[in-house]
Amino acid sequence: MNKTTAKKYLSAINGSKRKHLTCEALSLHMGIYPELIARDLSEFEPMLAMDPSYNLRELVPALEEYIEEQSKEKKEPRIAVKKAELQQYKSVADFVYHKMTIGGLVDRNIPLDEKDLKVLRHLVNQELEELKGTKPSKKKRR
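Residues numbered from 1 in each chain as written. Predicted model: local features only at pLDDT ≥ 70, side-chain atom pairs only at ≥ 80, totals over all residues. Heavy atoms only, no water.

Where helix 1 (residues 3–15) contacts helix 4 (residues 60–72), the axes come no closer than 10 Å and their chain directions differ by 145°. The two elements helix 1 and helix 4 cross, and the hand of that crossing is left-handed. In this structure, helix 1 uses Lys-3, Ala-6, Lys-7, Tyr-9, Leu-10, Ile-13 and Asn-14 to contact helix 4, whose residues at the interface are Val-60, Leu-63, Glu-64, Tyr-66, Ile-67, Gln-70 and Ser-71. Class assignment for the residues of the contact of helix 1 with helix 4 results in eight nonpolar, three polar and three charged. (Axes fitted to C-alpha atoms, helices over the stretch in contact; angles between N-to-C directions. Helix = DSSP H or I, 4+ residues; strand = E, 2+ residues; numbered from the N terminus. Left-handed = near helix turned anticlockwise from the far one by under 90°. Contact = heavy atoms within 4.5 Å. Nonpolar A, V, L, I, M, F, W, Y, C, P; charged D, E, K, R; others polar.)

See the structure below:
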């Protein structure tokens, strides 16, 4: 189950006026088969699939806790290489000269972060395409 599904179940349970809410009653309210509801909510109460008279209102605190826990998990932002950053360097050699040299000498111990490596990859791909005689492709990102 994902956070969105948990929110749908929570809002449907809270939106119902019944005091004792079973999978059958919730299925009529949501338009989902009771077996699917029981399967999804069995993460919180394993006996739910075997007990058709189980009150789903008892799962509200567990659902709220699950949604809160899922909301706290933040994904790291994706590192993107912008066109302006690529235009700073004419070639791979120019990138190496600017990033990896000190006073004209190449320092092998300079660490490259993820963004630098992505810039380098784009520069290498551009040079390979120029060697093949094709112009650089403009891929659409999804």
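Once that is clear, we can look at helix 6 (residues 92–100). Listed in full, the buried residues belonging to helix 6 are Val-92, Asp-94, Phe-95 and Met-100. In the core, the buried residues of helix 6 are packed alongside strand 1 (101–102), strand 2 (105–106) and helix 7 (114–132). For helix 6, the side-chain oxygen to backbone nitrogen distance between the N-cap and Ala-93 is 3.4 Å, and the N-cap itself is Ser-91. (Buried < 20%, exposed > 50% of the residue type's maximum accessible area, 1.4 Å probe, protein only. Polar contact = N/O pair within 3.5 Å; in protein donor to acceptor, adjacent residues only side chain to side chain.)

In this section: the confidence of the model for the protein. In this model, the protein carries a mean pLDDT of 88, and residues with pLDDT of at least 70 account for 94%. Of all helices and strands in the protein, the one with the weakest mean pLDDT is strand 2 (86), whereas helix 1 scores best (94). (pLDDT = per-residue confidence, 0-100.)

With 21 residues, the main nonpolar core has Leu-26, Leu-41, Leu-48, Leu-56 and Leu-63 as its most contacted residues. Mapped by element, the contributors of at least two residues to this core are helix 1, helix 2 (23–30), helix 3 (34–41) and helix 4. For this core, the element with the highest residue contribution is helix 1, accounting for five residues. Sequence-distant contacts of Leu-26, defined by excluding residues within four places in its chain, comprise Tyr-9, Ala-12, Ile-13, Leu-21, Gly-31, Ile-37 and Leu-56. Among the nonpolar cores identified, the runner-up in size contains seven residues, and Val-81, Leu-86, Val-119 and Leu-123 belong to it. (Core = buried A, V, L, I, M, F, W, Y, C linked by side-chain atoms within 4.5 Å.)

What follows deals with a nonpolar patch on the surface. A contiguous nonpolar patch, built from Val-124, Leu-128 and Leu-131 and spanning about 290 Å² of accessible area, is present on the exposed surface. In this structure Leu-128 comes out as partly exposed when scored by relative accessible area, which is 43%. (Patch = residues over 30% accessible without salt bridge, like charges linked within 9 Å, V, L, I, M, F, W, Y side chains within 5 Å. Areas by Shrake-Rupley, 256 points an atom, 1.4 Å probe, with all protein chains shown as cover. Salt bridge = Lys/Arg side-chain N within 4 Å of Asp/Glu carboxyl O.)

Glancing now at the environment of Lys-115. Inspection of the secondary structure puts Lys-115 in helix 7. Residue classification places Lys-115 among the partly exposed positions, given a relative accessible area of 29%. It is 6.9 Å that separates the C-alpha atoms of Lys-115 and Val-81, two residues lying 34 residues apart in sequence. Setting aside chain neighbours within four positions, we find Lys-115 in contact with Ile-79, Ala-80, Val-81 and Glu-85.

This paragraph deals with the packing of helix 6 against helix 7. The geometry of helix 6 relative to helix 7 is characterised by a closest axis approach of 9 Å and an angle of 155° between their N-to-C directions. Relative to helix 7, helix 6 is oriented roughly antiparallel. Residues Val-92, Phe-95 and Lys-99 of helix 6 lie in contact with helix 7, whose contacting residues are Asp-116, Val-119, Leu-120, Leu-123, Val-124 and Glu-127. Residues belonging to the contact of helix 6 with helix 7 are distributed by class as follows: six nonpolar, no polar and three charged. (Parallel < 35°, antiparallel > 145°, perpendicular 65-115°, else oblique.)

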